[in-house]
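# Observations on the three-dimensional arrangement
Next come the chains, spelled out residue by residue.
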Amino acid sequence: MTIPTTWNPLDKDSNTLLSNGNLTATVLATTDSAVRATSSHASGKWYIEFPAITIVSGIRGLRGFATASQALN
């Protein structure tokens, strides 16, 4: 089953700007910042694809999985 998702504008750090219909996340400062997706999974097998990531001015670009309690900054 495929569940399309976007970045969640209600579940992001204030240093993260969303654009392109919430498909693009841009970090506005050289600090740790994050955003969660609009869908989540608690069990079973998962498949995820991330598009290319662009790094500007030395900001780290990381992707991965975390629990809902993980800090966004």
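Read on for a plain summary of the structure. Here the structure is a predicted model, which means the values were calculated and not measured. (Residues numbered from 1 in each chain as written. Predicted model: local features only at pLDDT ≥ 70, side-chain atom pairs only at ≥ 80, totals over all residues. Heavy atoms only, no water.)

Tallying secondary structure elements over the protein gives zero helices and four strands in all. The order of helices and strands in the protein, counted from the N terminus, is β-β-β-β. In the protein, which comprises 73 residues, the proportion classed as buried is 11%. Accessible surface, the protein as shown: approximately 6,000 Å² in total, 55% of it carbon and sulfur. (Helix = DSSP H or I, 4+ residues; strand = E, 2+ residues; numbered from the N terminus. Buried < 20%, exposed > 50% of the residue type's maximum accessible area, 1.4 Å probe, protein only. Areas by Shrake-Rupley, 256 points an atom, 1.4 Å probe, with all protein chains shown as cover.)

In this section: the environment of proline 9. Within the secondary structure, proline 9 is located in strand β1 (residues 7–12). For proline 9, a relative accessible area of 42% gives the class partly exposed. Setting aside chain neighbours within four positions, we find proline 9 in contact with Leu18 and Asn22. (Contact = heavy atoms within 4.5 Å.)

As a further point, take a nonpolar patch on the surface. On the surface, a nonpolar cluster with roughly 430 Å² of combined accessible area is contributed by Trp46, Ile48, Phe50 and Phe65. Residue placement: isoleucine 48 occurs in the segment after β4 (35–37). (Patch = residues over 30% accessible without salt bridge, like charges linked within 9 Å, V, L, I, M, F, W, Y side chains within 5 Å. Salt bridge = Lys/Arg side-chain N within 4 Å of Asp/Glu carboxyl O.)

With respect to the secondary-structure elements, threonine 16 resides in strand β2 (residues 16–19). Apart from the residues within four sequence positions on either side, threonine 16 is in contact with Ala25, Thr26, Ser33, Ala34 and Val35.

Within the secondary structure, aspartate 13 sits in the loop between β1 and β2. As a buried residue without a salt bridge, aspartate 13 has its nearest oppositely charged side chain in lysine 12, at a separation of 7.4 Å. Among residues more than four places away in sequence, those in contact with aspartate 13 are Asp32, Ser33, Ala34, Leu72 and Asn73. (Lys, Arg positive; Asp, Glu negative; His and termini not counted.)

Along the polypeptide, glutamine 70 turns up in the segment after β4. A residue is classified by how much of its surface remains accessible, and glutamine 70, at 45% relative accessible area, is partly exposed.

Inspection of the secondary structure puts alanine 42 in the segment after β4. Considered as a pair, alanine 42 and threonine 67 are 25 residues apart in the sequence and their alpha carbons are 9.3 Å apart.

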